[in-house]
Amino acid sequence: MIEESKVSIIEKALSYLMFMCVLFPYISIVHTGFDSQPYAIICSLIYLLYVFSQKQKVIYSPAFIFLILYLIVAFIISVVEIYLLDTELLIVARALANYISITLLPIALIISLSRGINSKKLIILAIFTYLLAGMLQYFISVDIFNFILDIRTTENRGVTSLAPEPTYYGVVCFLFNFIVITSSDFKRNEKLFFSFLLLFQTVFLAKSSMVLLFYIMFIMSSFISIKYLYRGVVLFFSTLSIIYIIYNLDYFEQTRIKSILVFFLDKGFYAFAMDASMNERLSHVFFSFYGFIDNFMFPGGYASFEKLLQNKESISSGFFWYGGVSNKIMSYIGANIYETGFFSLLYFTAIYIMIPNDKLKISTFGFFIPLFACIPLGNPIAGLVVTLLYLEGVKNV
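The shown structure was predicted, so the numbers you read here are calculated from the model rather than taken from an experiment.

(A) Representation of the overall build of the protein within the structure. In terms of helices and strands, the protein carries 19 helices and zero strands. Sorting the 397 residues of the protein into buried and exposed places 53% on the buried side. As displayed, the protein has an accessible area near 17,900 Å², and 67% of this comes from carbon and sulfur atoms.

This is the structure we're talking about:
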């Protein structure tokens, strides 16, 4: 590790700019038509070009080879899509940008953090910034940040903070919470404080039922890992208390999070077939894996997923019925597996190598759960989580 004071001002400025774009991926002063903005990708490319142009000594991991090979595969698929399949350029450009995000961005973040950038301070700053933005929306107006965000919510849902939807806000809080819990940079009392603060934002501000389900699944993974058993027990009783509060407090009476909770208690798994939003999200997970098998594990490319969605009712015997037809897969892992087929093993091998500590490998189960649904491929905060898990593992090897 290099001390931050020994890093040049230009490199330091590029690092902090890149981190701001990663931690606040939805903000844009220019309307782009996308939820996740491309600024983190652009900043990471500029940062890498600068560092290597200065011939700086950088940290190296064998995982970098697999990530670069995976990006080459994505590029080859892009060429095939454009020149052989005549796919629309915008579709290919968006997909390729996603694969740049999940390959080069983690490399840039690892190099940056190994050269002295303090991620803890930046994450704490982000947690309080999202909290402040959420509180302002709650007490003043949900539209207060319309000039930098494309906000989508309704009266029975929560606020969005610095994200386009309440669910996205909840996902940001969940990923930050995972970072706080697994990082040795945060002391035990800090872990409890920030976990409570992020859980508060998820339940009382975002009011996200989907992310509450992620917490339950993360608790299950915590019980598997002895290292995080104590935190799992704390989260378990905290979640039980929150479920009780949601069910009984008048504050949640007309909210979506309570209606979903009651729905699950009454219908169980069949609630996914009856609630429109959950039905659509689960369909993207199901059909990405269905398409992967149907394609005999060969790449499905960037423009064929919509054909599966067009026939979702007949394929699923009516279980999946809601949602539009699009090639944008709303599943981080599903997009990898469907679009690149068996080549996705390159990416998952890189992740496995980047988390050398066996205890962290077990706890990472809790991180991968939301990657199946709700988190799109281009979300840069997911790349930050992988980066910090890698550095955490290196510390404990």
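(B) Quick peek at the packing of aromatic side chains. Within this structure, the stated rule accounts for 25 aromatic pairs. Between Phe305 and Tyr338 the ring centres are 5.3 Å apart and the planes differ by 70°, which places this aromatic pair in the edge-to-face class. With Phe305 in helix 13 (residues 305–310) and Tyr338 in helix 15 (residues 332–340), this residue pair connects regions lying 33 residues apart in the sequence. Taken individually, Phe305 and Tyr338 each receive the classification buried, so the pair is uniform in this respect. Connected via pairs of aromatic rings, a cluster forms that spans Tyr70, Tyr99, Tyr302, Tyr332, Tyr347 and Phe348. Residue placement shows Lys120 over the ring face of Phe186; its charged tip is 5.3 Å from the ring centre.

(C) Structural detail: helix 7 (residues 188–206). Helix length check: helix 7 (19 residues) gives 26 Å between terminal C-alpha atoms against 27 Å at 1.5 Å per residue, within 8%. Turning to helix 7, its buried residues number three or more, namely Lys191, Phe194, Ser195, Leu197, Leu198, Leu199, Gln201, Thr202, Val203, Leu205 and Ala206. Lys207, located one to two residues past helix 7, shows a positive phi value of around 55°.

(D) Summary view of the packing of helix 3 (residues 63–83) against helix 16 (residues 344–354). Relative orientation of the contacting elements helix 3 and helix 16 amounts to 160°, with a least axis distance of 8 Å. In this view, helix 3 runs roughly antiparallel relative to helix 16, as classed from their interaxial angle. Relative to helix 16, helix 3 is oriented so that their crossing is left-handed. Taken together, the residues of helix 16 that come into contact with helix 3 (itself represented by Ala63, Phe66, Leu67, Leu69, Tyr70 and Val73) are Ser344, Leu346, Tyr347, Thr349, Ala350, Ile353 and Met354.

(E) Representation of the environment of Phe19 in the model. Its place among the elements puts Phe19 in helix 1 (residues 9–23). Considered as a pair, Phe19 and Ser119 are 100 residues apart in the sequence and their alpha carbons are 8.4 Å apart. For Phe19, the residues in contact, after removing those within four places along its chain, are Leu109, Ser112, Leu113, Ile117, Leu122 and Leu384.

(F) Structural view of the state of the cysteines. The tally for this structure, following the rule as stated, stands at zero disulfides. The thiol sulfur of Cys43 is not disulfide-bonded, and the nearest other cysteine sulfur, from Cys21, lies at 3.8 Å.

(G) Representation of the side chain of Ser195 in the model. Within the fold, Ser195 resides in helix 7. Not counting residues up to four positions away in its chain, the partners in contact with Ser195 are Asn177 and Ile181.

(H) Representation of the packing of helix 5 (residues 119–139) against helix 6 (residues 166–182) within the structure. One can describe the packing of helix 5 onto helix 6 by two numbers: an axis separation of 11 Å at closest approach and a directional angle of 150°. By the angle between their directions, the pair helix 5 and helix 6 is classed as roughly antiparallel. By crossing handedness, the relation of helix 5 to helix 6 is classed as left-handed. Contacts between helix 5 and helix 6 pair Ile123, Ala126, Ile127, Tyr130, Leu131 and Gly134 from the former with Tyr169, Val172, Phe176, Ile179 and Val180 from the latter. Across the contact of helix 5 with helix 6, the residue classes tally to ten nonpolar, one polar and no charged.

(I) Region of the structure containing helix 5. Counted at 1.5 Å a residue, the expected span for helix 5 with its 21 residues is 30 Å, and the 30 Å between its end C-alpha atoms agrees. Buried within helix 5 we find Ser119, Leu122, Ile123, Ile124, Ala126, Ile127, Tyr130, Leu131, Ala133, Gly134 and Gln137. Between a side-chain oxygen at the N-terminus of helix 5 and the backbone nitrogen of Lys120 the separation is 3.1 Å; the capping residue is Asn118.

(J) Region of the structure containing the side chain of Thr160. Residue placement: Thr160 occurs in the loop between helix 5 and helix 6. Beyond its immediate sequence surroundings of up to four residues, Thr160 is in contact with Gln137, Ile151, Arg152, Thr153, Glu165, Pro166 and Tyr169.

(K) Region of the structure containing the nonpolar core. Formed by 124 residues in total, the largest nonpolar core has its most connected members in Phe176, Tyr332 and Phe367. Of all the elements, helix 4 (residues 89–114) adds the most residues to this core, at 15 residues. Those residues in contact with Tyr332, other than ones at most four positions away along the chain, are Ile102, Tyr347, Leu371, Ile375, Pro376, Leu377 and Ala382.

(L) A look at a nonpolar patch on the surface. On the surface, a cluster of nonpolar side chains totalling about 1,200 Å² of accessible area is made up of Tyr60, Ile65, Ile68, Leu69, Ile72, Phe75, Ile76, Val79, Val80, Tyr83, Leu84 and Leu85. Turning to its location among the elements, Ile72 is positioned in helix 3. Of the residues examined, Ile72 reaches a relative accessible area of 44% and is grouped as partly exposed.

(M) Broad picture of the environment of Ile46. Relative to the elements of secondary structure, Ile46 occurs in helix 2 (residues 39–53). A relative accessible area of 41% means that Ile46 is categorised as partly exposed. For the pair Ile46 and Leu14, spaced 32 residues apart in sequence, the C-alpha to C-alpha distance is 7.8 Å.

(N) Molecular detail of unusual backbone geometry. Backbone geometry at Lys207 places phi at a positive 55°, although glycine is not the residue there. Looking at the element boundaries, Lys207 is found in the loop between helix 7 and helix 8 (209–224). Note on Lys207: relative accessible area 14%, which makes it buried. A positive phi angle, near 55°, is found at Ser317, a position not held by glycine. Inspection of the secondary structure puts Ser317 in the loop between helix 14 (312–315) and helix 15.

Reading the values: rules and limits
Residues numbered from 1 in each chain as written. Predicted model: local features only at pLDDT ≥ 70, side-chain atom pairs only at ≥ 80, totals over all residues. Heavy atoms only, no water. Helix = DSSP H or I, 4+ residues; strand = E, 2+ residues; numbered from the N terminus. Buried < 20%, exposed > 50% of the residue type's maximum accessible area, 1.4 Å probe, protein only. Areas by Shrake-Rupley, 256 points an atom, 1.4 Å probe, with all protein chains shown as cover. Phe/Tyr/Trp six-rings, centres within 6.5 Å; stacked < 30°, edge-to-face > 60°. Lys NZ or Arg CZ within 6 Å of the ring centre and 35° of its normal. Expected span 1.5 Å × (residues − 1). Axes fitted to C-alpha atoms, helices over the stretch in contact; angles between N-to-C directions. Parallel < 35°, antiparallel > 145°, perpendicular 65-115°, else oblique. Left-handed = near helix turned anticlockwise from the far one by under 90°. Contact = heavy atoms within 4.5 Å. Disulfide = S-S within 2.5 Å. Nonpolar A, V, L, I, M, F, W, Y, C, P; charged D, E, K, R; others polar. Polar contact = N/O pair within 3.5 Å; in protein donor to acceptor, adjacent residues only side chain to side chain. Core = buried A, V, L, I, M, F, W, Y, C linked by side-chain atoms within 4.5 Å. Patch = residues over 30% accessible without salt bridge, like charges linked within 9 Å, V, L, I, M, F, W, Y side chains within 5 Å. Salt bridge = Lys/Arg side-chain N within 4 Å of Asp/Glu carboxyl O.

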